[in-house]
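Per-entry structural report
Listed below, chain by chain, are the residues.
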Amino acid sequence: MTISAPTPHLFIPSIGLAQLQQDHLERLFASLPPALQPAALCLILKRNYLFASFTDAPTAAKVRAILSSKGEADDNSASLRSVMESLGISLPIDAEYAELCSWQGQEGALDSVQDPCSYFSGQGDNWSAALGAGVRLLRGWVVQDDCETVRRQVDAQNWNKASRQRELHIGCGFHGRGNHMLDWHKCVKRLGAVLHEGFVDRIVASFGERTPPIAVNQATVIEALPGKGTEYYCLESDAIFDDWIAFVCVHGSLPLSLFNPHAGRVEGLWLNEGDMLTMQGEARYAWTFVVPAVKEPALTGGTVATRSRALMVVMRSIKQNAQGAASDYLFSSEASRPPSEGRPKMPPSDKSCRPVDVSLPATQLEEDHVYQVYDKIAGHFSHTRYKPWPKVQAFLEQLQPGSLVLDTGCGNGKYLRAASNVLCIGSDRSAPLVEICRERLGVDAQVLVADSVRLNFRDGCADAALSIAVIHHLGSEDRRLAALQELVRCVRSGGAVLVYVWAYEQEQGSIGARQFDSQDVFVPWHLQRVYESGSQADQPDSETQPEGSDTPCPPSGELSGAREHLVELKRYYHVFTKDELIGLCGRVCGASVESMYFDANNWAVMLRKAEAAEGHDHDRTGALRT
Amino acid sequence: MRLLTHNLLMCNRKQCTGGFPLRIVLDTDIDKDAQSVEESEFRPEFIQHLLPKLDWEALYKTAQELNLSPGVPPSYSEEDKKDENFLRAVHDVVMDVHILEGKLVCPNCNREYPVSKGIPNMLLTNDEV
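Residue numbers here run from 1 along each chain, matching the order of that chain's written sequence. Working convention: letters from A go to chains and numbers from 1 go to ligands, in the order in which they are written. Where totals are concerned, whole chains, interfaces and linings use all residues; where local detail is concerned, this predicted model gives features only for residues with pLDDT of at least 70, and gives and counts side-chain atom pairs only at 80 or more. In computing side-chain properties, one takes all heavy atoms of the structure into account and sets aside hydrogens as well as water.

Some points on the sheet that holds strand E11 (residues 218-224) of chain A
All names here are of chain A. If DSSP finds at least two bridges between two strands, the strands pair. Elements are defined by DSSP. Helices are runs of H or I of four residues or more, strands are runs of E of two residues or more, and each kind is numbered from the N terminus. Strand order across the open sheet formed by six strands is E7-E16-E13-E18-E11-E8, with antiparallel pairing between neighbours. Both edges of this open sheet fall to strand E7 (135-138) and strand E8 (167-170), since each of them pairs with a single strand only. If you compare each strand with its neighbour and ignore which way they point, the axes differ by 15 degrees on average. Pairing between E7 and strand E16 (residues 276-280): four bridges, direction antiparallel. Counterpart to Leu 137 in the pairing with E16 is Leu 277. Between the N-to-C directions of two axes lies an angle of 0 to 180 degrees, each axis being a line fitted to C-alpha atoms and, for a helix, fitted only over the stretch in contact.

Quick look at the structure:
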């Protein structure tokens, strides 16, 4: 982590966020003479050390000498010493040189803003193609309503007062110059608090099918005022950011100056509300941007625009490793840098599902091979489950506006907000998954930890209920029936219950198809060790996302990889034959099967609760509960 | 947890019947916000549809216990259902009040269900199922 040769960076022990607040630390360094001021500080949460970067190695050496001096204060150190004293820090501190090599050669801020002579205002294709592969300009991509919603959310937030321009960081912020020092202090923690799901989805959709899929975890909103600009270009490193970026103007119009220092090219772009510029692949790291201070930008076509207040959202993904250990990562030797290639990939999906000894007690089977497994894989699982199934979504959308829906076994909550006209309340047996719902969706997520075999909702309280890929995890027929009965109990007379279970009859050759030798099977889940603790539950790891849409199967990567990085967990499934599911539903009191269909290797059945009050008596008899 | 969600929850231990409504006991630890108000979009027709599904007595009682002001009236009439002020009051109580830290206590058997970070944990032990 540290080396002996002088570098512009210092590792400074004994002071850090563990004992001092950020503004104290900033004040401390501000008390150095102007020539010795650090260019950037890297503060790490809960650590009693920090890193400081200076303009050059001699400056770092001077500061190091000041910190290590025991003697009399001189002009350079007097002010620093008095601030230190007031903060209760004593000298000497033995600072060491640190290496900052992860992005050498391309790190850093580029000071002079290049002024393009005009700002492109036409339609996108040719223009963006000229910037290079991976660049796309989509005029009017985001609809006005979505822009408006974002603008309202943005205006409701506290802006980062520390920065000279008005910037709002979401998910993660940045320290100092150059977006390479991650800061989880000065930011809105949750993406959803500012950017609603529909907006994010719209942006992600523009990238189309992509491997790995886009997982947005950081956004910065920039307020562009007339005649004001952001200060410097900053090249963003592939060590920290995934290889895509999106710029969306959500309010007003603003000029962008795009600069490719390697190619020495400058391009101007005029963005109007709803317009989006995206970059992926090499272009993403080659170009950098500022909002220039120009008052009356000349547009292509000869007109001169007048600026007004505008808002632009910049969306990115920060790599998993960069999030996990910013300090080690940012200031470490090349060896510990996470390689961009050769990271563990998912092995070919192991479709061999082993038969289960069903003589095990049902509850034990569920405990060991369902609940414990989901608790462990929650974070990973959540990344493979993000797209609502169209038919389930259609079911929700056809309900009366204002309907109450229970989603039992809601997993990561992908259906909780799938339809805007209904109110969904989710429950799941796995507390970590329920917490993920809450993390993803915020206070809107009405979720609880509950057992689908015995629900805690009062009778007839909901208009409809979902049980998607849930009862096939229950270890006995009695318990599967009890779960169905509970769903029927909780919906009102005339209410509908939609149930999805894995089908024994798999459509061979389809996504996620499996061969079952038995109806009671263990299905392996390959969990990457990084997820094992569950502590990184909601941090996307785009490298390991399985391809394609959400299938009920575990990841189906095609790359061979380091299996030692993976933990195999066995999930218990009872896969249903069609006749069996019909038979089971036939035993449910007070409801009948309204429709049944096969959907992506699942059997789906819709039950309708009887209109008559007669069914009600059965609801609470508990005859089916043991 | 919204009070709407709370209005749907009951104690469902096999040893217990009639465990509704669950009494909310806020965790008054000074480091935590036990309760919060998060404004959400007011959709009058949405609230109108919700009304018949609410257990009004339970809602009124809970709002009283939480000292919500203005809360909701003890009962409402057909007229009220079209009154925007009334619907707004219902919205404020069922949609915007969130219980974050504390517990839900069964009025019948005193079983306690913890609420943490806004998530009630209703899991029962094996002998309760």
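Considerations on the nonpolar core
Grouping buried Ala, Val, Leu, Ile, Met, Phe, Trp, Tyr and Cys residues that are joined through side-chain atoms within 4.5 Å yields what is termed a nonpolar core. Buried residues are those whose accessible area, probed at 1.4 Å on protein chains only, stays under 20% of the maximum for their type, while exposed residues exceed 50% and partly exposed ones sit between those limits. Formed by 90 residues in total, the largest nonpolar core has its most connected members in Leu 406, Phe 457 and Ile 471 of chain A together with Val 90 and Leu 104 of chain B. For the purposes of this description, domain bounds are those given by an automatic or database domain assignment. Residue contributions to this core reach at least three from each of two domains, namely domain 3 (354-359 + 507-574) and domain 4 (377-504 + 576-609) of chain A. Val 90 of chain B has contacts with Ile 47, Leu 51, Leu 54, Trp 56, Val 72 and Met 95 of chain B, leaving out every residue within four places of it along the chain. In terms of nonpolar packing, the next biggest core, distinct from the first, is built from 29 residues, Val 150, Ile 170, Val 216 and Val 248 of chain A among them. Working rule for contacts: check all heavy atoms of both residues, and any pair within 4.5 Å makes them a contact.

Observations concerning the pattern of salt bridges
Every case where a carboxyl oxygen of Asp or Glu lies within 4 Å of a side-chain nitrogen of Lys or Arg is listed as a salt bridge. If you walk through the whole model with that rule in mind, you get 24 salt bridges over all chains. One network of salt bridges, with partners in common, ties together Glu 148, Arg 151, Arg 152, Asp 155, Glu 223 and Arg 309 of chain A.

Considerations on the sheet that holds strand E24 (residues 491-502) of chain A
Residues and elements named next belong to chain A. Taken in spatial order, the seven strands line up as E22-E21-E20-E23-E24-E28-E27 in an open sheet, and their pairing is mixed. For this open sheet the edge positions go to strand E22 (446-449) and strand E27 (591-599), each flanked by a neighbour on one side alone. Across the sheet, the mean angle separating the axes of adjacent strands is 15 degrees when strand polarity is ignored. In terms of strand pairing, strand E23 (residues 462-468) meets E24 through six bridges, oriented parallel. Paired with Ala 465 across the bridge in E24 is Val 497.

Brief notes about the interface of chain B and chain A
Across the boundary between the two partners, chain B contributes 36 residues, which contact 36 residues of chain A. Once two parts are put together, the accessible area they lose, assessed with a 1.4 Å probe and summed over both, is termed the buried area. Between chain B and chain A the total buried area reaches about 3,000 Å² when both faces are included, carbon and sulfur atoms providing 57% of it. Summed over the three residues of chain B that lose the most area to chain A, namely Leu 8, Asn 12 and Ile 119 of chain B, the buried surface amounts to 22% of that side. Where chain B meets chain A, there are two salt bridges. Notably, a salt bridge pairs Asp 463 of chain A with Lys 53 of chain B, separated by 2.7 Å at the nearest N-O pair.

Remarks on the confidence of the model for chain A
Residue and element names in this part refer to chain A. Each residue carries a pLDDT score, the predictor's confidence in it, ranging from 0 to 100. On average, residues of chain A carry a pLDDT of 76, and 72% of them reach 70 or more. Below a pLDDT of 50 lies the segment residues 323-350, which in the model reaches 82 contacts outside its immediate sequence neighbourhood of four places, other chains included. Residue range residues 614-626 is modelled with pLDDT below 50. Its contacts to residues more than four positions away, or to other chains, number 21 contacts.

Points about the packing of helix H1 (residues 22-30) of chain A against helix H3 (residues 78-87) of chain A
Residues and elements named next belong to chain A. Closest axis-to-axis distance for the H1/H3 pair is 8 Å, and the angle between their directions is 155 degrees. By the angle class used here, H1 and H3 are roughly antiparallel. Of H3, the residues touching H1 (which contributes His 24, Arg 27 and Leu 28) are Leu 80, Val 83, Met 84 and Leu 87. Here is the rule for angles: anything less than 35 degrees is roughly parallel, anything more than 145 is roughly antiparallel, 65 through 115 is roughly perpendicular, and the remaining ranges are oblique.

Overview of the side chain of Glu 101 of chain B
With respect to the helices and strands, Glu 101 of chain B occurs in the loop between strand E3 (97-99) and strand E4 (102-105). Pairing of N or O atoms within 3.5 Å defines a polar contact, subject to two protein rules: one partner must be a possible hydrogen donor and the other a possible acceptor, and residues neighboring in sequence count only if both atoms are side-chain atoms. Here Lys 117 of chain B takes part through its backbone nitrogen, which lies 2.9 Å from a polar atom of the side chain of Glu 101 of chain B.

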